[in-house]
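What follows is each chain in one-letter form.
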Amino acid sequence: MTHYAHSGTRDDRSDWQSLPDHLQAVEGLARARGVPLRLGAAAALAGRLHDLGKYDPAFDRVLRGAPGPVVDHSTAGGRVLLDPASGCPQFAAEALAQAILGHHAGLPDTDTGADNSCLRQRIGRPGAVLDPEWTTHLPADFGAVAAELAARVRRDRSKAGFDLSVAVRMVFSCLVDADFRDTEAFYDALEGRARDRDWPGLQELLPDLQARFNAHMAGFDATTGLNRLRADILCHVRAKAAMPPGLFTLSVPTGGGKTLASLGFALDHAARHGHRRIIHAIPYTSIIDQTVKVFGEVLGPERVLEHHGALETEQLRPGSRDKIRQAMEDWAAPLVVTTNVQLFESLFAARPARARKLHNIAGSVIVLDEAQCLPRTLLAPTLAMIDTLCAQYGCTVVLCTATQPAFDSRHLRDGGLDLAGRELAPDPEALAGQLRRARIVQGGAMEDGALIAALAQRPQGFVIVNSRKHALALYQAAGAAGLEGLIHLTTRQYPAHRRKIIESIKTRLKDGAPCRLIATSLIEAGVDLDFPCGWRAEAGLDSVIQAAGRVNREGKRPVETSVLTVFSAPDNAPPGDVAQLAKAMRGVAEQFDDLLAPAAIRDWFEKVYWQAGPKRLDPQGLRDRFTFDGRSTNFAFRSVAEAYRMIDSPMVPVIIAREPEAQGWVGKLWDDWEKSGTLARALQPFTVQIPQKARDTLRANGKGEFRAPDLRGDAFFVLTDPALYREDFGLWWEQAEYLSADQSFV
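Remember, predicted model here, so these are calculated numbers, not experimental data.

## Thoughts on the layout of surface pockets
Here's step 1: If you add up the space inside the second largest pocket, you get close to 1,600 Å³.
Here's step 2: Lining the second largest pocket are 47 residues; nearest its centre among them are Phe220, Arg230, Asp528, Arg553 and Glu554.
Here's step 3: Every element with two or more residues in the lining of the second largest pocket is listed here: α9 (202-218), α10 (225-239), α11 (258-273), α12 (288-299) and α20 (495-511).
Here's step 4: For the lining of the second largest pocket, a count of residues per class yields 14 nonpolar, 14 polar and 19 charged.

If you want it as structure tokens, here you go:
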């Protein structure tokens, strides 16, 4: 009997894909992806065994579309490996079994799962009845596979379990990507489609990219003191590119040119050591477009891939053809600009589509911009992942901060990183003095009326508060007070709109026109604005320092008159974790007159990080939920994936199609030949992230709808009532119910 993996269109099955052909193809593709990770044999075996359950004759009924029970074809390969008769060492069998069992439903936990989805429960159920032909795929020897996996585990017992769990993730990524690619290729050939999926390799592009970078930097005016200092920093940083790969810090105060310096280092370091790509991760989606624009201008926009979580194509409706739709990205591009959320939640993901990119993260130079923004409550598992990527998968990770590294093992004893001697910047403490542009003063309690009165006294200035709600209320009150040149900047506005607003702010500041900005923290990291003064609601000292970096950024005004005033907002208390950070900041302010002094910053880190201990840096105990005793494993892949959330309240996207470009892309949602990943990337600049309940309210009141749901599922939600999007402050989702009630009387 001939067994098949995928059905075609002909009744005689002449265009169907045979199961041996599919297994052989996936084995080869998985091996190719695993070889750079030194996991080629393990990935190949996972590919060879992943669909053994399709040797059950009952699966043929599924392919023919005949009615009957669902056939579990993903468990058989793992069950075969875990049978002692297979001869596979137990730890290797468990590792590969989890990857195989997860290639559709996602990586399972080993021993937990109330929904009967864990490894032990699935293996313990009655298995498929397989045609004996399956035995031809079982190797006679598992030595190479076991040796590869064992080599990915360090001798330090405290790290062994986590190390092996990452190896499983990497094998899983190789398998999932290989399975997607072969299935996609089969259906493309069947339906006469051709895809351009190949990106040029970073190494072949580097001579041109370095030349472009050098030409761009040569275009800066070298006559100003600030630009000369930035050039000196860049030269010093690039000179260290020959250092061995691994962990680095880049501690340069705001205004010192960290972004371009880190890019120059990444290009030179990759050229010297053969890295496969450069990944630049940013804490906020609000500044991704600015970084992408800068990198595009320097290196060429066609070389830069932007990817964050504004739209996820995993929400596509299920079905055999949807399986072959490309996931958002496999990150095969030579240079990726993404968010911390997308990067680290992918690294801890259990779902196939999100974990698919992991094998392409290996061998990368990863720049973590504003690294101090990594969430404290996830810090221990996050640092463990960074450590393993550098130690085992050829990554170099650069921790960029405007202050100093918070994660050095000399201070952060439990789970800290070995950063001794790995600073790229020249004398960070001296730079703090040389790049001093502003003063921070304490303003005490200030209600909105007091803030508006203070802002009215200065033709140019900004106020940063801790929530979108407070920013909107303050903006409306300031507008009612008649303040001239009032501008609101918030994540209520879609990125393309914010980009235009930021350009208008820069023009106003340059021309000396009235410019009074009310914003959330989105302007603090990486937004190049230069105000004469500002006010910042109490938050962590790192945020306050970032806000100060928007005051006199270019150093053209006296430091004495360039002031950031920190205030408390009595009627708008900061949310949970921000309140704790603000309390620590107040404690530092009581001891130090100068909050920008290195000693004050060290004291803040001591209070917030170094004294926090594991209960605050990993309150859920995620890092320790991957154990390996040398023989067997216990990995909580699915449980940890559900718990590892960098954003506490999940947000969902709403597409604002008020510009012709956005309308054009929305119109293509009904074209079945358009890839959802392509459409999602194109529409990212026109999306606003809002709470799930708020989007449900919009939909219930007829203010928005999912477009092309039969083709795209719940992936693309478009605002249908333009009255809810305001030019001055963006999406006013709170008014969805009110407007519906009001309109019902018309």
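Don't stop here, the text continues.
## With respect to the side chain of Asp182
Here's step 1: Tracing the backbone through its elements, the reader meets Asp182 in helix α8 (residues 157-191).
Here's step 2: Leave out the neighbours within four places in its chain, and Asp182 touches Gln17, His22, Ala25, Val26 and Leu29.

## Comments concerning the sheet that holds strand β10 (residues 460-464)
Here's step 1: Spatial strand order, β9-β14-β13-β10-β12-β11: 6 strands in an open sheet with parallel pairing. Lying at the two open borders of the sheet, with one neighbouring strand each, are β9 (439-445) and β11 (486-489). With strand direction ignored, the average angle separating the axes of adjacent strands in the sheet is 20 degrees.
Here's step 2: One ladder, built from 5 bridges, connects β10 with strand β12 (residues 515-519); its direction is parallel. Looking at the pairing, Gly461 lines up with Arg516 of β12.
Here's step 3: Where helix α18 (residues 448-456) meets the sheet, it contacts β10, β12, β13 (533-537) and β14 (563-568), and its direction lies at approximately 160 degrees from that of β10.

## A short note on the pattern of salt bridges
Here's step 1: This model, assessed by the stated rule, comprises 35 salt bridges.
Here's step 2: The residue Glu302 makes a salt bridge to Arg303 at a minimum N-O spacing of 3.9 Å.
Here's step 3: Exposure remark for Arg303: the relative accessible area of 22% places this residue in the partly exposed category.
Here's step 4: With a shortest N-O distance of 3.2 Å, Asp728 and Arg726 are connected by a salt bridge.
Here's step 5: Relative accessible area serves as the criterion here: at 25%, Asp728 is assigned to the partly exposed category.
Here's step 6: Connected through salt bridges with shared partners, the residues Arg154, Lys159, Asp163 and Asp387 form a single ionic network.

## Digging into the sheet that holds strand β6 (residues 335-339)
Here's step 1: The sheet built from 6 strands is open, its strands ordered β3-β8-β7-β4-β6-β5 with parallel pairing. Where the open sheet ends on each side, the last strands, each with one partner, are β3 (247-251) and β5 (304-307). Taken over all neighbouring pairs, the strand axes of this sheet differ in orientation by 20 degrees on average, direction set aside.
Here's step 2: Sheet analysis places strand β4 (residues 277-282) next to β6, joined by 5 bridges and oriented parallel. Residue pairing in the sheet places Ile279 in a bridge with Val336 of β6.
Here's step 3: Across the sheet, α12 touches β4, β5 and β6, and the angle it forms with β6 is around 170 degrees.
Here's step 4: Against the sheet, helix α16 (residues 379-392) makes contact with β3, β7 (364-368) and β8 (396-401), and its axis sits at roughly 140 degrees relative to β8, the strand it touches most.

## Observations regarding unusual backbone geometry
Here's step 1: With a phi angle near 50 degrees, Glu370 is a residue other than glycine that sits in the positive phi range.
Here's step 2: When you line up the elements, Glu370 lands in the loop between β7 and α16.
Here's step 3: With a phi angle near 50 degrees, Asp427 is a residue other than glycine that sits in the positive phi range.
Here's step 4: Inspection of the secondary structure puts Asp427 in the loop between β8 and α17 (428-434).

## Examining the nonpolar core
Here's step 1: Residues Leu149, Leu368, Phe407, Ile505, Leu517, Trp604 and Tyr609 are the most contacted members of the largest nonpolar core, which totals 179 residues.
Here's step 2: In terms of residue count, α8 provides more of this core than any other element does, 14 residues in total.
Here's step 3: Core analysis: the second largest hydrophobic core is formed by 21 residues, Met446, Ala471, Leu486 and Cys533 among them.

## Examining the side chain of His73
Here's step 1: Along the chain, His73 turns up in the loop between α3 (57-64) and α4 (76-82).
Here's step 2: At 3.0 Å, the side chain of His73 and the side chain of His104 are in polar contact.
Here's step 3: If we ignore the near neighbours within four places in the chain, the residues touching His73 are His50, Asp51, Leu52, Gly53, Lys54, Phe59, His103 and His104.

## A short note on helix α5 (residues 90-105)
Here's step 1: For α5, with 16 residues, the first-to-last C-alpha span of 23 Å sits near the 22 Å given by 1.5 Å per residue.
Here's step 2: The buried count for α5 comes to 13 of 16 residues, which makes it a mostly enclosed element.
Here's step 3: At the exit of α5 stands Gly106, carrying a positive phi of roughly 105 degrees.

## Looking at the packing of aromatic side chains
When we look at a pair of aromatic rings, we describe it by the centre distance and by the angle of the planes.
Here's step 1: For the structure on display, the rule yields 20 aromatic pairs.
Here's step 2: Ring geometry for Phe706 and Phe717: centres 5.1 Å apart, planes at 75 degrees, overall edge-to-face. With Phe706 in strand β19 (residues 704-706) and Phe717 in strand β20 (residues 717-719), this residue pair connects regions lying 11 residues apart in the sequence.
Here's step 3: The exposure class assigned to Phe717 is buried, which follows from its relative accessible area of 0%.
Here's step 4: Through pairs of rings, three or more aromatic residues link up here, namely Phe162, Phe348, Phe626, Phe635, Phe637 and Tyr644.
Here's step 5: In this arrangement the basic side chain of Lys357 is found over the ring face of Trp331, its NZ or CZ atom lying 5.2 Å from the centre.

## Quick word on the pairing of β3
Here's step 1: With 5 of 5 residues buried, β3 is to be regarded as a mostly interior element.
Here's step 2: In β3, alternate side chains face the same way, and those of Leu247, Thr249 and Ser251 on one face and Phe248 and Leu250 on the other are all buried.
Here's step 3: Relative to β8, β3 runs parallel, the two being bridged by 5 bridges. From the neighbouring strand, Ser251 faces β8, where its bridge partner is Thr401.

So, how was this worked out
Residues numbered from 1 in each chain as written. Predicted model: local features only at pLDDT ≥ 70, side-chain atom pairs only at ≥ 80, totals over all residues. Heavy atoms only, no water. 1 Å grid on protein atoms, 1.4 Å probe; cavity = no way out; pocket = protein on both sides within 12 Å on 5 of 7 lines; lining within 4 Å. Points joined across faces, edges and corners; volume = space filled by probe spheres on them. Helix = DSSP H or I, 4+ residues; strand = E, 2+ residues; numbered from the N terminus. Nonpolar A, V, L, I, M, F, W, Y, C, P; charged D, E, K, R; others polar. Contact = heavy atoms within 4.5 Å. Pairing = 2+ DSSP bridges. Axes fitted to C-alpha atoms, helices over the stretch in contact; angles between N-to-C directions. Salt bridge = Lys/Arg side-chain N within 4 Å of Asp/Glu carboxyl O. Buried < 20%, exposed > 50% of the residue type's maximum accessible area, 1.4 Å probe, protein only. Core = buried A, V, L, I, M, F, W, Y, C linked by side-chain atoms within 4.5 Å. Polar contact = N/O pair within 3.5 Å; in protein donor to acceptor, adjacent residues only side chain to side chain. Expected span 1.5 Å × (residues − 1). Phe/Tyr/Trp six-rings, centres within 6.5 Å; stacked < 30°, edge-to-face > 60°. Lys NZ or Arg CZ within 6 Å of the ring centre and 35° of its normal.

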